[in-house]
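# Reading the structure
Here is how the chains run, residue by residue.
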Amino acid sequence: MRSGFCSIVGRPNVGKSTLLNALVGQKIAITTPVPQTTRHAVRGVLHRADAQVVFVDTPGLHKPKTLLGSRLNEVARGTLSGVDLVVFLVDGSVEIGRGDGFIAGLLAEVATPVIAAVNKVDRTGRARQLPQLARLAELGEWAEVVPISAATGDNVAALADLIVDRMPEGPPYFPRGQVTDQPPEQLVAEIIREKAITLMREEVPHSIAVVVEELGPGSAEGVLAVTATLYVERDSQKGIVIGRGGSVLRDIGSRARAELELLLGARIYLDLRVKLSKEWQRDAKKLQRLGY
Ligand SMILES: Nc1nc2c(ncn2[C@@H]2O[C@H](COP(=O)(O)OP(=O)(O)OP(=O)(O)O)[C@@H](O)[C@H]2O)c(=O)[nH]1
Ligand SMILES: [Mg+2]
């Protein structure tokens, strides 16, 4: 059979995590309209009768302003080599620009073959798609250049076929049925963070980190008890995340619980707290404690 690793890289917000989920066929990575959502290399596995592809979703490559930002770039750059293929994703609904060119430069320095893809073509007409594809083609030496929509699934199966064709002969890396190696604590923390990000504005989404303190059987049969802390960077952000009378935190909790109950197939008892970890994005020790 064919099997191998394929990382997905690109600027923040181009749709890498949405593409990972579309390729695997279920939600593995969180996605939000806010740039710099993904903070870990998240693996998702595509299983076919005669092939297996381990996709690696990565944080968006960007010009870092904090220590966290530099770490995120390191995580993404670390996935460019040591894989069988890279998918370089750009956002076709905006101008292909300097940030994309910078990443193309990084890709030129590694030997890994690259498939370049223009995403979000559901937002552009054919007339705009062609110049975007041409512009992307000029940026580097790509094995293929393909237009896709990760959100609608348009052309994603064709992209998956191109990727599978480029995987070497090899054994499966994951047992059939396993679609990710994300530990349950991380999965739960990510879903909570996704719901929090979606309800926040301006800089607050970037200031939130979530740590699951406890995850285990609850007091009642079939209930999973989760205790998690949402960390913020500034005292003023605590009130924003908690909301008037606790309304925002309750909203985050009920949205997270609804999704987690579906994902984990159990009833969830969710206890959320909010704590301050001053300027954690710029502090090496705090970053480590938060799992970055
Ligand atoms: N219209 C449209 N929107 C899309 C498409 N793919 C992704 N999006 C949206 O683009 C936004 C960003 O998507 P993500 O998948 O979180 O992007 P990302 O590249 O993983 O972003 P980071 O993790 O921040 O680097 C979300 O609002 C998605 O719903 C697409 O094909 N079409
Ligand atoms: Mg992402």
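Residues numbered from 1 in each chain as written. Chains lettered and ligands numbered in written order. Predicted model: local features only at pLDDT ≥ 70, side-chain atom pairs only at ≥ 80, totals over all residues. Heavy atoms only, no water.

### Some points on the packing of helix α1 (residues 16-24) against helix α5 (residues 156-165)
Two elements in contact, α1 and α5, have axes whose closest approach is 10 Å; the angle formed by their N-to-C orientations is 80°. Here α1 is positioned roughly perpendicular relative to α5, judged by the angle of their axes. Contacts between α1 and α5 pair Leu 19, Ala 22 and Leu 23 from the former with Val 156, Leu 159, Ala 160 and Ile 163 from the latter. For the contact of α1 with α5, the residue count by class is seven nonpolar, no polar and no charged. (Axes fitted to C-alpha atoms, helices over the stretch in contact; angles between N-to-C directions. Helix = DSSP H or I, 4+ residues; strand = E, 2+ residues; numbered from the N terminus. Parallel < 35°, antiparallel > 145°, perpendicular 65-115°, else oblique. Contact = heavy atoms within 4.5 Å. Nonpolar A, V, L, I, M, F, W, Y, C, P; charged D, E, K, R; others polar.)

### Section: the sheet that holds strand β5 (residues 114-119)
Overall, mixed pairing links the six strands, which are arranged β2-β3-β1-β4-β5-β6 in an open sheet. Across the chains shown, the open sheet's two edge strands, defined by having one partner strand only, are β2 (42-48) and β6 (144-147). Across the sheet, the mean angle from the axis of one strand to that of its neighbour is 25°, orientation sign disregarded. As defined by bridge partners, strand β1 (residues 2-10) adjoins strand β4 (residues 85-91) across five bridges and the pair is classed as parallel. Following the sheet pairing, Cys 6 is matched in β4 by Leu 85. On top of the sheet, helix α4 (residues 126-138) reaches β4, β5 and β6; it is set at about 155° to β6, its chief contact. (Pairing = 2+ DSSP bridges.)

### Re the coordination of the magnesium ion (ligand 2)
The coordination sphere of the magnesium ion (ligand 2) contains the protein donors Ser 17 (OG) and Thr 38 (OG1), at a distance range of 2.0 to 2.1 Å. One end of the pair, Ser 17, is in helix α1; the other, Thr 38, is in the loop between α1 and β2, with 21 residues separating them in the sequence. Overall, Ser 17 belongs to the buried group, its relative accessible area being 8%. (Donors = N, O, S within 2.8 Å, 3.2 Å for Na, K, Ca; no water. Buried < 20%, exposed > 50% of the residue type's maximum accessible area, 1.4 Å probe, protein only.)

### Examining the nonpolar core
Residues Cys 6, Leu 19, Leu 23, Val 53, Phe 55 and Ile 163 are the most contacted members of the largest nonpolar core, which totals 29 residues. Looking at this core, the elements that each hand over two or more residues are β1, α1, β2, β3 (51-57), β4, β5 and α5. Ranked by the residues each element gives to this core, the list is headed by α5, at five residues. Beyond its immediate sequence surroundings of up to four residues, Leu 23 is in contact with Ile 8, Leu 46, Phe 55, Val 156, Ala 160 and Ile 163. (Core = buried A, V, L, I, M, F, W, Y, C linked by side-chain atoms within 4.5 Å.)

### Some words on the side chain of Glu 190
Examined against the element boundaries, Glu 190 turns out to sit in helix α6 (residues 184-199). In contact with Glu 190, other than residues within four places in its own chain, are Ile 30 and Gln 182.

### Thoughts on the packing of helix α8 (residues 235-242) against helix α9 (residues 247-264)
Relative orientation of the contacting elements α8 and α9 amounts to 60°, with a least axis distance of 5 Å. With respect to their mutual orientation, α8 and α9 come out oblique. On α9, the residues that touch Ile 240, Val 241 and Ile 242 of α8 are Ser 247, Val 248, Leu 249 and Ile 252. For the contact of α8 with α9, the class distribution of residues is six nonpolar, one polar and no charged.

### Some details on the domain arrangement of the chain
Considered domain by domain, the chain is made up of domain 1 (2-165) and domain 2 (184-289). The gap between the C-alpha centroids of domain 1 and domain 2 is 28 Å. Each partner contributes to the interface: domain 1 provides 16 residues, whereas domain 2 provides 20 residues. For the pairing of domain 1 and domain 2, the buried interface totals around 1,500 Å² over both sides, and the portion due to carbon and sulfur atoms is 56%. Of all residues in domain 1, the largest losses of buried area upon contact with domain 2 belong to Lys 27, Ile 30 and Arg 39, amounting jointly to 36% of the total for that side. Where domain 1 packs against domain 2, one counts two salt bridges. (Domains from an automatic or database assignment. Buried area = accessible area lost by both parts, 1.4 Å probe. Salt bridge = Lys/Arg side-chain N within 4 Å of Asp/Glu carboxyl O.)

### Looking at α4
Compared with the 18 Å implied by 1.5 Å per residue over 13 residues, the 19 Å span of α4 between its first and last C-alpha is a close match. Of all the positions in α4, only Gln 129, Gln 132, Leu 133 and Leu 136 are classed as buried. The arc that holds every buried residue of α4, seen down its axis, measures 105°, which confines them to one face. Looking at α4, the residues exposed on the side facing more than 90 degrees away from the buried face are Ala 127, Leu 130 and Glu 138. Tucked inside the fold, the buried residues of α4 contact β4, β5 and β6. (Expected span 1.5 Å × (residues − 1). Arc of directions from axis to C-beta.)

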